[in-house]
Amino acid sequence: MKAVILKYHQEVLSPVQHMLSGDAPFRETLGNLVSFATSVDDSEGAPKGCLLIKICEAQMHLGEATRAQIDLIQDQALAAYKQWVEHAKAKGEFSADMSSEFAATYIDAQLSNASSQLARGVDHETVRKLLLVAFSMLE
């Protein structure tokens, strides 16, 4: 399981972290994040939602090394969101009245919720609209 999580991090999550560290305007990156989070493979039988979130929900059944890797990836994701928000604040593109730490946690929670909705079969367009409304607080 740890190897699967590492591969998933490398192929799926690292590109997101790279997107967040780019120099694109905050709103553009936010839109790209929504598009990424709600993109789905519509091929028959393809799993919906984020593998990492699904694994996080089943942590009690995993070994210690796997749980530690999940915690590390979660910490890295929160740090990437926080740094992205701080960069946007420095450029005057983030005006919401919240700390960078809270904003990072909020972003992570909204993306986790979106992934769970997709996994339950909620239409990706509905999930996209919900994310846009949730993230409108950040603009």
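Keep in mind the model is a prediction, meaning the values are calculated, not measured.

**Some details on helix α6 (residues 124-135)**
With twelve residues, α6 extends 16 Å between its outermost C-alpha atoms, agreeing within 8% with the 16 Å of an ideal straight helix rising 1.5 Å per residue. Taken together, the buried positions of α6 are V127, L131, A134 and F135. The arc enclosing the buried residues of α6, seen along the axis, measures out at 85 degrees, which places them on a common side. Buried residues along α6 sit in contact with α2 (26-38) and α5 (100-119). Where α6 begins, one side-chain oxygen reaches toward the backbone nitrogen of E125, 3.1 Å away; that side chain belongs to D123.

**Describing the confidence of the model for the chain**
When the pLDDT values of the chain are averaged, the result is 84; 84% of them are 70 or greater. Per-element averaging of pLDDT across the chain places helix α3 (residues 51-57) at the bottom with 60 and α6 at the top with 95. This stretch, residues 43-48, has a pLDDT under 50; its non-local contacts, to residues over four places away or in other chains, come to nine contacts.

**A look at the environment of P25**
Mapped onto the fold, P25 is located in the loop between α1 (2-20) and α2. A residue is classified by how much of its surface remains accessible, and P25, at 39% relative accessible area, is partly exposed. Taking the C-alpha atoms as reference points, P25 and K91, 66 residues apart in sequence, are found 8.8 Å from one another. Aside from chain neighbours lying at most four places away, what touches P25 is K91 and E93.

**Details of the environment of M19**
The topology assignment puts M19 in helix α1. With ten residues separating them in the primary sequence, M19 and T29 have C-alpha atoms 7.1 Å apart. Not counting residues up to four positions away in its chain, the partners in contact with M19 are T29, N32 and L33.

Cut-off values and rules
Residues numbered from 1 in each chain as written. Predicted model: local features only at pLDDT ≥ 70, side-chain atom pairs only at ≥ 80, totals over all residues. Heavy atoms only, no water. Helix = DSSP H or I, 4+ residues; strand = E, 2+ residues; numbered from the N terminus. Expected span 1.5 Å × (residues − 1). Buried < 20%, exposed > 50% of the residue type's maximum accessible area, 1.4 Å probe, protein only. Arc of directions from axis to C-beta. Contact = heavy atoms within 4.5 Å. Polar contact = N/O pair within 3.5 Å; in protein donor to acceptor, adjacent residues only side chain to side chain. pLDDT = per-residue confidence, 0-100.

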